Amino acid sequence: MRKMMIVLLLLAPGAGWAQSGRIQIDIPDSLAARASESVDVNLDGALLRLAAKFLSDNDADERQVRDIVRQLEGIYVRSYEFEDDGQYDRSIVARLRLQLGSDWKRIVTVQSKTRDNVEIYVRPRGETIAGLVIFSAEPRELTIVNIVGSIDLDKLASLEGQFGIPRMGKVEVKHE
Amino acid sequence: MNIESELKEVLRRTDPPSGFGDRVMRRVRADFSRPAKAGPRTRYRALAAAALIAIALGGWGVHATLRARSDLMVAMRIASQKVAQAQHQVNRR
C-alpha cells in the first residue's frame, strides 16, 4: 500500500501535465552525450509568443509557422541521432507512453522491425486538439515531440516540403 | 617669570567648555550623513557603467529572441517531417 502511494505521488505531476496536453519528457543526459546530433527545444508561453513575433511576414514558410504557432501554448522536442544502431534504450518510449491517460487517443501507428516506428497521439478538446505527442523510434534516431495547444495536423504536415526539405512524395521510400 | 613657570602656565590642563563634546559629535554625524558630492568624472563613470549594462542586457535579449526563433523553426521542421512521414507511410500501405 505504501509503495503504491509513493508510485502515485511520483506519477502525479506527470499526470497533471498530461491533462493539459503536456507530457514530461524525462530523458537522461547521457543519451545526448552518446548521440552524434541532438536537439532539445523547450518553448512555452511567453518565449513561444516572442519567437513567433520575430518570424518574417515576407517569408511564406515563416508566415505559415506563425499562423500555426498562434494557437499553441508550448512546443517541446527531443531528437537524437546516433552513428550506429541500438544506441538507445527503446523502453524510453514505453515509459513516456505511460503518462498518456485514457483521454489521449492514438491516431497513427507505423510499425516496422527494421525501419522507423511512429506513434502519434492527440488529446481531443471538443472539436479541437489540446495536445499532440509524436514518438518516432528509428534504428539510429529517436524523436519525441510534444505540442501543447490547438493544432491542425494537416497544416503541420503541409510545412514539410518547405524549409528546403523535399516532400516525402518525391522521395523513394522502400518497404520491407 | 622664568621659562619653566611660563610653560607650566601654557600647558596647564583645563576642562573644555560645557557642551563641547556634544557639539563635536553633532558635527561628526552631520558630516557622515551628508551625501558626497559627485564630481564630473564620477558621473561619467556611472553613465558609462549604466550604458554598458543596458547594452549587455539588450544584447542578451536579442540573443535569447533569435535563439527562440531558431528553436521554433527547428521544432516545427521536425514535427512537420514526422507527421508527414507517418501520413505518407499510412497512405502507402
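Presented here is an overview of the structure given in this document.

Analysis parameters
Residues numbered from 1 in each chain as written. Chains lettered and ligands numbered in written order. Predicted model: local features only at pLDDT ≥ 70, side-chain atom pairs only at ≥ 80, totals over all residues. Heavy atoms only, no water. Helix = DSSP H or I, 4+ residues; strand = E, 2+ residues; numbered from the N terminus. Buried < 20%, exposed > 50% of the residue type's maximum accessible area, 1.4 Å probe, protein only. Areas by Shrake-Rupley, 256 points an atom, 1.4 Å probe, with all protein chains shown as cover. Contact = heavy atoms within 4.5 Å. Salt bridge = Lys/Arg side-chain N within 4 Å of Asp/Glu carboxyl O. Buried area = accessible area lost by both parts, 1.4 Å probe. Polar contact = N/O pair within 3.5 Å; in protein donor to acceptor, adjacent residues only side chain to side chain. Arc of directions from axis to C-beta. Core = buried A, V, L, I, M, F, W, Y, C linked by side-chain atoms within 4.5 Å. Phe/Tyr/Trp six-rings, centres within 6.5 Å; stacked < 30°, edge-to-face > 60°. Pairing = 2+ DSSP bridges. Axes fitted to C-alpha atoms, helices over the stretch in contact; angles between N-to-C directions.

Bringing the overall build of chain B into the picture now. Counting its secondary structure elements, chain B contains three helices and zero strands. Mapped in sequence order, the helices and strands of chain B form the string α-α-α. In chain B, which comprises 93 residues, the proportion classed as buried is 18%. A total accessible area of about 7700 Å² is found for chain B, and carbon and sulfur atoms account for 61% of it.

This part is about the overall build of chain A. If you tally the helices and strands in chain A, you get six helices and six strands. Helices and strands appear in chain A in the N-to-C order α-α-β-α-α-β-α-β-β-β-β-α. Taken across its 176 residues, chain A has 44% of its residues classed as buried. If you take every contact in chain A between residues at least 6 apart in sequence, the share linking residues at least 24 apart comes to 62%. When the accessible surface of chain A is totalled, it reaches about 10000 Å², and 51% of it is carbon and sulfur.

In this structure the tally under the stated criterion is ten salt bridges over all chains. Across the pair Asp57(A) and Arg66(A) runs a salt bridge, and its minimum N-O distance is 2.3 Å. For Arg66(A), a relative accessible area of 18% translates into the label buried. Connected through shared salt-bridge partners, Glu138(A), Glu141(A) and Lys82(B) make up one network.

Take the interface of chain A and chain B next. In this assembly, 43 residues from chain A lie in contact with 25 residues from chain B. When chain A packs against chain B, close to 3100 Å² is buried across both sides, 75% of that on carbon and sulfur atoms. Counting across the chain A and chain B interface gives three salt bridges. A salt bridge links Lys82(B) to Glu141(A); the nearest nitrogen and oxygen atoms lie 3.0 Å apart. Viewed at the interface, chain B and chain A are joined by five residue pairs in polar contact (both at pLDDT 80 or more). When residues of the side of chain A that touches chain B are assigned to their parent elements, the largest contribution, five residues, is made by helix 3 (residues 45-53) of chain A.

Taken residue by residue, helix 4 (residues 60-69) of chain A has Glu62(A), Val65(A), Arg66(A), Ile68(A) and Val69(A) as its buried positions. Viewed along the axis of helix 4 of chain A, the buried residues span an arc of 160°, placing them on a single side of the element. Check the buried side of helix 4 of chain A and you find it contacts helix 3, strand 2 (72-81) and helix 6 (153-158) of chain A together with helix 3 (40-92) of chain B. Capping of helix 4 of chain A at its N-terminal end is provided by Asp59(A); its side-chain oxygen lies 2.9 Å from the backbone amide nitrogen of Asp61(A).

A word on the nonpolar core. Membership of the largest hydrophobic core comes to 37 residues, with the highest contact counts inside it found for Val69(A), Ile75(A), Leu132(A), Ile147(A), Leu156(A), Leu72(B) and Met76(B). A per-element tally of this core places helix 3 of chain B first, with ten residues. The next biggest cluster of nonpolar side chains, apart from the first, holds 21 residues, and it includes Ile25(A), Val93(A), Leu96(A) and Tyr121(A).

Residue placement: Asp59(A) occurs in the loop between helix 3 and helix 4. Given the relative accessible area of 30%, Asp59(A) is considered partly exposed.

Turning our eyes to something else, we now look at the packing of aromatic side chains. Residue and element names in this part refer to chain A. Scanning the entire structure with this criterion turns up two aromatic pairs over all chains. On the basis of an interplanar angle of 25° and a centroid distance of 5.6 Å, the ring pair of Phe 82 and Tyr 88 is categorised as stacked. Each of the two residues, Phe 82 as well as Tyr 88, counts as buried. Here the aromatic rings of Tyr 121 and Phe 135 are separated by 5.9 Å at their centres, their planes lie at 70°, and the arrangement is edge-to-face. With Tyr 121 in strand 4 (residues 117-125) and Phe 135 in strand 5 (residues 128-138), the pair connects residues that are 14 residues apart, well separated along the chain.

The strand order across the open sheet formed by six strands is 1-2-6-5-4-3 (chain A), and the pairing between neighbours is antiparallel. Pairing within the sheet leaves two strands with one partner each, and these edge strands are strand 1 (37-44) and strand 3 (105-110) of chain A. Across the sheet, the mean angle separating the axes of adjacent strands is 10° when strand polarity is ignored. Of the strand pairs in this sheet, strand 3 of chain A and strand 4 of chain A are connected by five bridges, and their pairing is antiparallel. Pairing of Arg106(A) across the sheet is with Tyr121(A), part of strand 4 of chain A. Sitting on the sheet, helix 3 of chain B touches strand 1, strand 2, strand 3, strand 4, strand 5 and strand 6 (141-149) of chain A, and the angle it makes with strand 1 of chain A is about 110°.

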